[in-house]
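Chain by chain, the residues run as shown.
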Amino acid sequence: MLTGLYRAPAFYRRVEQALAAAPAAPFEIIVLDIEYYTLVCDVFGKRAGALLLQALGLHLIGMPDAHCGLMARSADDIFFFYMPAEVHFVQKLSASVSDFLDSYPLPIRMHALLGVYAANSADIPPAQMCDRARLALNIRGTVREDRIGYYDHALQEHLLREHKLLDDIPDSLLNGDFRMYLQPKVDMLTGEVIGAEALVRWLHPELGFIPPDEFIPLLERDLSVYPVDCYIWEEACRFQAQRRAAGLAPLPVSINVSRCDLYQPDLPQVLDGLLKKYDLTPRDLHLEVIERAYTEDSDRIFPVLSALRASGFCIEIDDFGTGASSLSMVADLPVDVLKLDRSFLSGFPDCPRHVETVRCMVRLAKALGLTLIIEGVETAAQAEKLCALGCQYAQGYYYSRPRPAE
Ligand code: C2E
Ligand code: CA
Ligand code: CA
């Protein structure tokens, strides 16, 4: 009633009829979502949102190709389209709705997000085709610059794999499939090991070795990284206790604390409990927190980190230089160590500008009384030049790749 378009159930029925009439013709199911529509409703009210949808409905019906296929509105700002492939409707829709949104008289910039399911047979029900188009819309990474995501076999495989990984975590935690690897941090002047970073690896019983870059971001999105991190933290504590029992000199192990972990109310108790269980002190563990955690929600993160630091943990800012913290903010961060992101070494030491940038970071850390660790040192030439610039500590393949803890 609002937009003059079909609702979803009628749309599905019409699509079925259209497919029955021309079973072999290739076609596309397209889903349109208006990014920031919810914000518009929140700021200007439901009525402003309804007016927007109504105007958009009229706009869509007025598009030159509208009569070639079918259009519907499913939920609030979700629109469905069924179009013969030869119309090449997606690009036209993208351009047309973008123009509409750009000129719509509201001070919030809205965007059209599009998901496409391209089919050449009616082998699955229309509702499921719409679901698939929607999946393409929601997946980060497939939404390209033109904000059109395509559902394809690769995306389906990818989603199934993600689903399986999330599903298998509890079993893998029980079965010890997650392993702690360690990568040394070294004093470049003496070659001595000054500590190590604990890095998780997943030895999946069916899928084999899975690197953390694949599953950690997935777990963070799913808000389920905490149990895995707690498991690795415990491995690190067990390792430290074994070293002490063997009479080895104490060296800190740095554990990665995901941004999501910092929102867990029992985080201090969990860490404290682990120290007690293995008879360790906070000096045995360093906590690595990525720089973006500081900048994204500093009001909530600062107090947590300040408290952990006050209880004796050494806090390291990880991937420093990638999170766009303003330099003025760095002076106030509750931290002890800056870990300079390895991207700083991409053109180092051959490119003079890269050398100057690193030189400045070294001076910044010194001026603030912070320890600087350079990540990603891969060559002797890099290590030499870094020493010449006054860097002392590093982590990188040149010294050692991450290795199984034992
Ligand atoms: P990160 O914390 O920045 O860890 C350093 C990454 O750089 C590691 O990748 C390490 O293998 C890699 N690296 C070290 N030296 C070099 C080098 O010289 N050259 C190159 N090209 N790479 C080097 P890894 O182990 O694959 O881990 C990737 C990321 O996954 C980590 O980045 C961290 O953000 C995350 N991660 C790993 N383990 C854990 C964990 O237990 N918990 C959490 N929350 N995140 C973890
Ligand atoms: Ca780290
Ligand atoms: Ca890092």
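Conventions we followed
Residues numbered from 1 in each chain as written. Chains lettered and ligands numbered in written order. Predicted model: local features only at pLDDT ≥ 70, side-chain atom pairs only at ≥ 80, totals over all residues. Heavy atoms only, no water. Axes fitted to C-alpha atoms, helices over the stretch in contact; angles between N-to-C directions. Helix = DSSP H or I, 4+ residues; strand = E, 2+ residues; numbered from the N terminus. Parallel < 35°, antiparallel > 145°, perpendicular 65-115°, else oblique. Contact = heavy atoms within 4.5 Å. Nonpolar A, V, L, I, M, F, W, Y, C, P; charged D, E, K, R; others polar. 1 Å grid on protein atoms, 1.4 Å probe; cavity = no way out; pocket = protein on both sides within 12 Å on 5 of 7 lines; lining within 4 Å. Points joined across faces, edges and corners; volume = space filled by probe spheres on them. Near = heavy atom within 4 Å. Polar contact = N/O pair within 3.5 Å; in protein donor to acceptor, adjacent residues only side chain to side chain. Sits in = over half its atoms within 2 Å of the grid points. Donors = N, O, S within 2.8 Å, 3.2 Å for Na, K, Ca; no water. Buried < 20%, exposed > 50% of the residue type's maximum accessible area, 1.4 Å probe, protein only. Phe/Tyr/Trp six-rings, centres within 6.5 Å; stacked < 30°, edge-to-face > 60°. Pairing = 2+ DSSP bridges.

K.L.:
Provide a residue-level description of the packing of helix H6 (residues 153-175) against helix H7 (residues 212-221), including the pertinent values.
P.N.:
Viewed as axis vectors pointing N to C, H6 and H7 meet at an angle of 80°, and their least axial separation amounts to 11 Å. Here H7 runs roughly perpendicular to H6, going by the angle between their axes. Counting all contacts with H6, which are made through Arg161, Glu162, Leu165, Leu166 and Ile169, the residues of H7 involved are Glu214, Leu218, Leu219 and Arg221. Looking at the contact of H6 with H7 residue by residue, the classes come out as five nonpolar, no polar and four charged.

K.L.:
Outline the layout of surface pockets, supporting the account with residue identities and numerical values.
P.N.:
Taken as a whole, the largest pocket spans an internal volume of roughly 1,200 Å³. Lining the largest pocket we find 36 residues, and of these Leu199, Pro212, Asp213, Asp318 and Asp319 sit closest to its centre. Of all the secondary-structure elements, those providing two or more residues to the lining of the largest pocket are strand S7 (193-204), H7, helix H8 (225-245), strand S10 (285-290) and strand S11 (314-320). In the lining of the largest pocket, the residues fall into 14 nonpolar, six polar and 16 charged.

K.L.:
Requested: an account of the site of ligand 1, with residues and values cited.
P.N.:
Residues in close proximity to ligand 1 total 22 residues, the closest being Arg201, Asp229, Arg342, Glu378 and Tyr397. Here a nitrogen atom of ligand 1 and a side-chain polar atom of Gln183 are 3.0 Å apart. Side-chain polar atom of Glu197 to an oxygen atom of ligand 1: 3.1 Å apart, as the coordinates give it. When each cavity is represented as a set of grid points, ligand 1 is found to reside in the largest pocket. Secondary structure elements with two or more residues in the shell around ligand 1: S7, H7, H8 and S11. Among the elements that make up the shell around ligand 1, the one with the highest residue count is S7 (four residues). Partitioning the shell around ligand 1 into residue classes produces eight nonpolar, five polar and nine charged.

K.L.:
Tell me about the coordination of the calcium ion (ligand 3), and please be specific about residues and values.
P.N.:
Taken together, the protein donors to the calcium ion (ligand 3) comprise Asp318 (OD), Asp319 (OD), Glu375 (OE) and Glu375 (OE), at separations of 2.2 to 2.6 Å. The distance between the calcium ion (ligand 3) and the calcium ion (ligand 2) comes to 4.3 Å, with Asp318 serving as a donor to both metals. Separated by 57 residues along the polypeptide, Asp318 in strand S11 and Glu375 in strand S13 (residues 371-375) bring together distant segments of the chain. The pair formed by Asp318 and Glu375 is uniform in burial state, with each residue classed as buried.

K.L.:
I'd like to hear about unusual backbone geometry, residue by residue, with values.
P.N.:
The omega torsion across Phe348 and Pro349 is 5°, close enough to zero to call that bond cis. The topology assignment puts Pro349 in the loop between strand S12 (337-340) and helix H13 (352-367). Even without glycine at this site, His88 takes up a positive phi of about 50°. Among the structural elements, His88 can be located in the loop between strand S3 (78-84) and helix H4 (89-103). Owing to a relative accessible area of 55%, His88 belongs among the exposed residues under this scheme. One non-glycine residue, Asp319, adopts positive backbone phi at about 55°. Structurally, the position occupied by Asp319 is in strand S11.

K.L.:
Talk me through the coordination of the calcium ion (ligand 2); I want residue IDs and the actual numbers.
P.N.:
Protein coordination at the calcium ion (ligand 2) comes from Glu197 (OE), Asn256 (OD1), Glu288 (OE) and Asp318 (OD), with a distance range of 2.1 to 2.3 Å. Sequence positions of the donors to the calcium ion (ligand 2) reduce to the motif E-x58-N-x31-E-x29-D.

K.L.:
Which residues make up the packing of aromatic side chains, and what values do they have?
P.N.:
In this structure the tally under the stated criterion is twelve aromatic pairs. Put simply, the rings of Phe11, Tyr12 and Phe80 touch in pairs and so form one group of aromatic residues.

K.L.:
So what about the sheet that holds strand S1 (residues 27-35)? Which residues, and what values?
P.N.:
Strand pairing in a sheet relies on backbone hydrogen bonds. The paired strands run either parallel or antiparallel. A sheet is described by the order of its strands in space; here five strands give the open sequence S2-S3-S1-S4-S5, paired in mixed fashion. At either margin of the open sheet sits one strand with a lone partner, and together these are strand S2 (70-73) and strand S5 (148-151). Across the sheet, the mean angle from the axis of one strand to that of its neighbour is 20°, orientation sign disregarded. In the sheet, S1 pairs with strand S4 (residues 111-119) via nine bridges, with the strands oriented antiparallel. Of the residues in S4, the one forming a bridge with Val31 is Gly115. The strands that H4 touches are S1, S2, S3, S4 and S5; relative to S1, the one it contacts most, it runs at about 20°.

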